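One letter stands for each residue in the lines below.
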Amino acid sequence: AFDAFLYSLGIILSFSIVGFLIAALFGASGLNRLASNPYMNLIIAVVFIVFAFNLFGMFEIFVSSSLLTKLSNFQSKNNLLSIWVMSFTFTLTTFTCTMPFIGTVLVSASKGDWFYPILGMLGYSSAFSIPFFLLALFPSGIKKLPRSGNWMVSFKIILGFLELAAALKFISNADLVFGWKILSREFFLSIWAALFIGASLYLFGFFYFAHEKKEEGKSPIRIFAAIFFLAISLNFLTATNGRSLGELDAYLPPPSSQMSQTKLEEELVWLDSLELAKAEANKTGKKIFVDFTGYTCTNCRWMEQNIFPDSEVKELLSRYILVRLYTDGEEKVHEENQKYEEDKFGTIALPLYVGMDSTEKVINQFMGMTRDKEEYK
């Protein structure tokens, strides 16, 4: 039991050290800036695409056999360290299969504070090591495990489609920051729908990949999964006309100029300069409402889609001179907006909502996302 514990702990440490190094190298603010940097988003998108091709079986990622041999030789010389070396060797040998998932965990984890990469890798590695710990305690259970085969290949291929869908989100982030306006909400959903239709057709058996064996019949689970992916794709397609997708809307780019914006955008006028807002406030005597937001900020989009359209919230907003300041763009004004937020409010967190007068005296402020409309009001 103790050896099984050490072996599992070795796997956890081997994976988690990656998260620790990333957190130590970049820190909290660095990770936030990296998360919104358009070039970094494009690099991440390329990484996801490469992982997808790897899962499609188009190439393999190999670890040097000489390195594995050296680790094996070292393992035989020290009984105490051998278990740790075995776990580390196992981590390296499974690198081909686990790297696409490790990349996904790190990309997702890098959106938060410094400890999230560590926490993300700790959670992933713990879940990854638990089966081996249990099998070490109960070795007879190995006989009951399903044999790896074509089902595993199919599972990896489906994950490849999901990796491509994730890559599109990061391309969209770069598109929004650069202001290319290529990936509108309709185009984005159309591509996602095409990917999920592709996954559905694959599961139905309309096409195969070169490295897998063709199956004569289809299992009920595979048919159910194919129908599930087809239903999702149809849901995406029917939402290209502007229909809300609920929580998912926060992750989607805005609609094209041909599509009508939300009623909130039609009824309320947002300025993009605090100086203009202060001048207008002096004329009208109104207070100023500042929305510190970001092109890549999903929490900002969620608030705009779910809290702002509330009739009472809209009525309250209409009493203010409204100004929306983006902090994650590539232009100088975006850098100035972020510096202003950091210098005056001591944070670069998004979203941040501030009520102030024309002299910039703060009346109240609200940071982050909330699902409680009453709290926000």
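To be clear, the structure that these remarks concern was listed above.
Each value, and the rule that gives it
- The numbers attached to residues start from 1 for each chain and follow its sequence in the written order.
- Where local features are concerned, this predicted model is filtered to residues with pLDDT of at least 70; where side-chain atom pairs are given and counted, the filter is 80 or more; whole-chain, interface and lining totals use all residues.
- Only hydrogens and water are removed before side-chain values are computed, so all heavy atoms of the structure are retained for them.
- Under the DSSP-based scheme used, a helix requires at least four consecutive residues in state H or I and a strand at least two consecutive residues in state E, with every element numbered from the N terminus.
- By nonpolar core we mean a set of buried residues, namely Ala, Val, Leu, Ile, Met, Phe, Trp, Tyr and Cys, connected to one another through side-chain atoms within 4.5 Å.
- Buried means the residue's accessible area, taken with a 1.4 Å probe over protein chains only, is under 20% of the maximum for its type, while exposed means over 50%, and partly exposed covers the values in between.
- Only heavy atoms matter for contacts: two residues are in contact if any of them lie within 4.5 Å across the pair.
- Patch membership requires more than 30% relative accessible area and the absence of a salt bridge. Residues of like charge join within 9 Å; the nonpolar side chains Val, Leu, Ile, Met, Phe, Trp and Tyr join within 5 Å.
- Residue burial considers only the protein chains on display, and all accessible areas are found by Shrake-Rupley using a 1.4 Å probe.
- Salt-bridge detection follows one rule: a side-chain nitrogen of Lys or Arg within 4 Å of a carboxyl oxygen of Asp or Glu.
- By definition, the arc is the one covered by directions from the helix axis to the C-beta atoms.
- Here a polar contact means two N or O atoms within 3.5 Å. Within protein one must be a hydrogen donor candidate and the other an acceptor candidate, and residues neighboring in sequence count only if both atoms are side-chain atoms.
- Any two rings among Phe, Tyr and Trp, with Trp reduced to its six-membered ring, count as a pair given centres within 6.5 Å; such a pair is stacked if its planes are under 30 degrees apart, edge-to-face if over 60, and tilted if neither.
- For two strands to be treated as a pair, DSSP must find no fewer than two bridges joining them.
- Think of a 1 Å grid over the protein atoms and nothing else: a 1.4 Å probe that fits but is trapped marks a cavity, an open set flanked by protein within 12 Å on at least five of seven lines marks a pocket, and residues with an atom within 4 Å of a point count as lining.
- Grid points are joined across faces, edges and corners, and a volume is the space filled by probe spheres set on the points.
- When residues are grouped by polarity, Ala, Val, Leu, Ile, Met, Phe, Trp, Tyr, Cys and Pro land in nonpolar, Asp, Glu, Lys and Arg in charged, and all others, Gly among them, in polar.

Draft legend 1. Examining the environment of Glu336 more closely. For Glu336, the position within the fold is in helix α14 (residues 332-345). Spatially, the C-alpha atom of Glu336 lies 9.6 Å from that of Tyr326, the residues being ten residues apart in sequence.

Draft legend 2. The nonpolar core, seen in detail. Residues Phe56, Ile158, Phe161, Leu189, Trp192, Tyr202 and Phe236 are the most contacted members of the largest nonpolar core, which totals 25 residues. Listed by contribution, the elements that provide at least two residues to this core are α7 (150-178), α8 (185-204) and α9 (220-238). Residue contributions to this core peak at nine residues, all from α8. Not counting the four nearest positions on each side in its chain, Ile158 is found in contact with Ala199, Tyr202, Leu203 and Phe229. With 14 residues, the next largest nonpolar core counts Ala250, Met303, Phe308 and Leu322 among its residues.

Draft legend 3. Region of interest: a nonpolar patch on the surface. On the surface, a cluster of nonpolar side chains totalling about 420 Å² of accessible area is made up of Val46, Val50, Phe53, Met58 and Phe59. Using a relative accessible area of 33% as the deciding quantity, one classes Phe53 as partly exposed.

Draft legend 4. Representation of helix α11 (residues 274-284) in the model. Taken residue by residue, α11 has Leu274, Ala277, Lys278 and Ala281 as its buried positions. End-on view of α11: buried residues confined to an arc of 100°, all on one side of the axis. Turned more than 90 degrees away from the buried face of α11, the exposed residues are Glu275, Asn282 and Lys283. For α11, the secondary structure elements touched by its buried residues are β1 (270-271), β2 (288-293), β3 (321-326), α14 and β4 (352-356). Two to three positions downstream of the cap, the backbone nitrogen of Glu275 sits 3.3 Å from a side-chain oxygen, assigning the N-cap of α11 to Ser273.

Draft legend 5. Examining the packing of aromatic side chains more closely. The full count for this structure, using the stated rule, is 25 aromatic pairs. Ring geometry for Tyr39 and Phe178: centres 5.3 Å apart, planes at 75°, overall edge-to-face. On the criterion of sequence distance, the pair formed by Tyr39 in helix α2 (residues 38-55) and Phe178 in helix α7 is long-range, its members being 139 residues apart. A residue is classified by how much of its surface remains accessible, and Tyr39, at 49% relative accessible area, is partly exposed. For Phe178, a relative accessible area of 24% translates into the label partly exposed. Ring geometry for Tyr202 against Phe207: centres 5.8 Å apart, planes inclined by 50°, an arrangement best described as tilted.

Draft legend 6. The pairing of β4, seen in detail. By the criterion of burial, β4 is predominantly enclosed, with five of the five residues buried. Here β4 shows two buried faces, one formed by Leu352, Val354 and Met356 and the other by Tyr353 and Gly355. As judged from the five bridges shared by β2 and β4, these two strands associate in the antiparallel manner. Directly across from Ile288, in β4, lies its bridge partner Met356. As defined by bridge partners, β4 adjoins strand β5 (residues 362-367) across five bridges and the pair is classed as antiparallel.

Draft legend 7. Broad picture of empty space enclosed by the protein. The tally for this structure, following the rule as stated, stands at one cavity of 30 Å³ or more. Of the volumes computed, that of the largest cavity is approximately 30 Å³. Every residue along the wall of the largest cavity is listed here: Lys169, Leu176, Ala250, Leu252, Pro253, Tyr295, Thr296, Cys297, Thr298 and Arg301. Of all the secondary-structure elements, those providing two or more residues to the lining of the largest cavity are α7 and α12 (298-306). Tallied by class, the residues present in the lining of the largest cavity amount to six nonpolar, two polar and two charged.

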